[in-house]
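Chain by chain, the residues:
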Amino acid sequence: MPPANVTPTKMPFEKYRPFVPIVLHDRTWPNVVTDKAPRWCSVDLRDGNQALIDPMDPARKLKMFNELVAMGFKEIEIGFPAASQPDFDFCRQLIEDDLIPDDVHIQVLVQCRQELIERTYEAIAGAPRAIVHFYNSTNPLQREVVFGLDQEGIKSIAVNGAKMCKKLEETIPETSVRYEYSPESFTLTEPEFAIEVCEAVMDVIEPTADDPIILNLPATVECYSPNVYGDVIEWFGRTIKQRDAVIVSLHPHNDRGCAIAAAEFGVMAGADRVEGTLFGNGERTGNVDIVALAMNLFVNGVDPELDISDIDALRRTAEYCNRLPVPERHPYVGDLVYTAFSGSHQDAIKKGFEALHAGADDGEYDTWGVPYLPIDPHHVGRSYEAVIRVNSQSGKGGVAYVMKEEHGFELPRRLQIEFSKAIQHHTEDTGTEITPTTMWDTFQAEYLPSEPRFVLRTHELHTTSTEGEGRTRLTGQLAVDGEPVTVQGEGDGPVEAFVAAIVAHFGEDFDVVDYSEHAIGRGSNAQAVAYVETVSADGTIKWGVGQNPNITTASLRAVLAAFERQTDG
Ligand SMILES: CC(=O)SCCNC(=O)CCNC(=O)[C@H](O)C(C)(C)COP(=O)(O)OP(=O)(O)OC[C@H]1O[C@@H](n2cnc3c(N)ncnc32)[C@H](O)[C@@H]1OP(=O)(O)O
Ligand SMILES: CC(C)C(=O)C(=O)O
């Protein structure tokens, strides 16, 4: 029976309105090319931590802090010390145990509330340097439902917060304090009002070009497309007073899945600094992923100014500290991001590697370029091993790649086609991926069986040469189904002589139409591998493979193996 007609439910889209605060007709940011990394600030230990199911314990916090320092972060928001004893204690631990490198600023977040600001200054006392980051929400919805205040009331919260901070500075004379102010939910705030509040805060902080204020413009909840963020940030930079005394900072969240693009457009639009987290942990859909941002610069040939050369170690740290997994397809780091399953991708990758290495001097190429691989996996500490994996979507290229990279066998093109059919049967039957080990087992069973019916025990060659014309006579001792057999034949070389011997003894027409060989391994462990393509009287094509330290023996074994496959049908 055909399925009953189903009427799809209409989504209540009319309950939503686009929010586009500014359309900048003379925008310049789309033409900007970013050629320098912005200042990075990690908020893993604050915005990341406050979003966790299980917030980090002291050991996890320290592990994350040390990892961020090792990566090269110079500004690290270490928590909200006034919010909880663990955050306060962690701040004290960093200061008292002298764990903050000379070139690193710790940053602490606080609301514009007196008791919280006082506690924050207690927390940072004794630190050589600190950024005090105070904030309040400025957007119409929160003004109304959270604070019940008009614009003036909201501005006063910010200004009073700034005054309290300035005043408390004298209680910690040994600490060099810098300031960051966030009009929280900036992207949902009327831009003119955000400017008004920021400038009122600047009047209190009195920043200079030598001692600038960080004005952080959060997409607390991502609410419009990245191009709108670009326009708004360019407009903000043009409009804010004393631009040279302001570090414009971005703090994108990822609710629409566009945080990376938003941050990139914001930087093109003139922002100096970006706050984010490793692999994008953070509230709801997360903060912007700083690793991906940095890697996007790297891929454009720009110094990312962060060390991501062991991306898996960073992932392990993030997963340990956050107790959340980083998904398999996450940009640059996921388990599957340097892996191709599909046939045409594998074929192109294999050819790409061959071309890259053919043009490389001592293995060092000038410019990366392999289809379907945006970066050289080695540059982030990943290997080529998992680049190609084989399932039912794969073709000969993938099979050939695994046989070469994992097992050292450089299969000739037509053998790749023959063998990949066997692999295709396997992957279709199992419905899953085939591992390199299973592929090898299949190859052995097909081409290098442990108990072949036809075994070459010994052979003798006698070569005569008259006026440059050489003839080879071969006598071979075989075992066929365990029974000894002697064969004799003559030809232009050992392979031809052996084929003649087989044809003469077994009475089956059979010839070699293609032959290739190569070495596997080096020195005393080197083995020769020979591949022969044979044709029978009825035109059946079968390949044979032989392996031996001696190249002639390997060739003869390949011929015999092909003959056995021909006679087995
Ligand atoms: C977008 C962001 O991520 S901002 C950072 C958010 N992070 C966190 O909140 C994590 C840490 N926070 C906390 O643990 C708690 O909020 C604390 C301990 C700081 C404060 O707790 P509480 O005193 O219970 O207050 P609570 O957080 O509920 O705050 C609500 C009150 O603070 C006011 N408030 C909220 N934010 C701010 C601010 N930035 N500045 C001034 N007042 C504020 C609210 O209007 C409300 O006032 P009301 O009680 O008069 O209605
Ligand atoms: C406090 C601010 C910067 C914040 O975390 C946000 O708006 O997301």
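Please read all numbers here as calculations on a predicted model, not as lab measurements.

Engineer: Help me understand the site of ligand 2 in this model?
Structural biologist: Close to ligand 2 lie Asp47, Leu109, Tyr135, Ser182, Glu184, Asn216, Pro218, Thr220, His251 and His253. Across the shell around ligand 2, the residue classes tally to 3 nonpolar, 5 polar and 2 charged.

Engineer: Looking at this model, I keep getting lost on the domain arrangement of the protein. Mind explaining?
Structural biologist: Where interface size is quoted, it is often the accessible area lost as the parts come together. Each assigned domain of the protein is listed here: domain 1 (29–322), domain 2 (343–448) and domain 3 (454–519 + 526–568). Listed as interface residues are 9 residues of domain 2 and, on the opposing side, 10 residues of domain 3. For the side of domain 2 that touches domain 3, the element with the most residues is helix α14 (residues 413–430), which contributes 3 residues. Of the residues contributing to the side of domain 2 that touches domain 3, the split by class is 6 nonpolar, no polar and 3 charged.

Engineer: I'm lost on the site of ligand 1 in this one. Help?
Structural biologist: Taken together, 16 residues surround ligand 1, and among them Gln50, Ala83, Gln111, Cys112 and Asn136 come closest. For the shell around ligand 1, the secondary-structure elements that each account for two or more residues are β4 (129–137) and α5 (140–147). For the shell around ligand 1, the class distribution of residues is 8 nonpolar, 5 polar and 3 charged.

Engineer: What is the right way to look at the sheet that holds strand β14 (residues 541–548) in this model?
Structural biologist: Consider a sheet: its strands pair through backbone hydrogen bonds, and that pairing is either parallel or antiparallel. Within the open sheet, the 3 strands sit side by side as β12-β13-β14. Their pairing is antiparallel. Edge positions in the open sheet fall to β12 (510–520) and β14, since each of these has one partner strand only. Taken over all neighbouring pairs, the strand axes of this sheet differ in orientation by 20° on average, direction set aside. Relative to strand β13 (residues 527–536), β12 runs antiparallel, the two being bridged by 10 bridges. Its bridge partner being in β13, phenylalanine 510 is matched across the sheet by serine 536.

Thresholds, definitions, all that
Residues numbered from 1 in each chain as written. Chains lettered and ligands numbered in written order. Predicted model: local features only at pLDDT ≥ 70, side-chain atom pairs only at ≥ 80, totals over all residues. Near = placed C-beta within 6 Å. Nonpolar A, V, L, I, M, F, W, Y, C, P; charged D, E, K, R; others polar. Domains from an automatic or database assignment. Contact = placed C-beta atoms within 7 Å. Helix = DSSP H or I, 4+ residues; strand = E, 2+ residues; numbered from the N terminus. Pairing = 2+ DSSP bridges. Axes fitted to C-alpha atoms, helices over the stretch in contact; angles between N-to-C directions.

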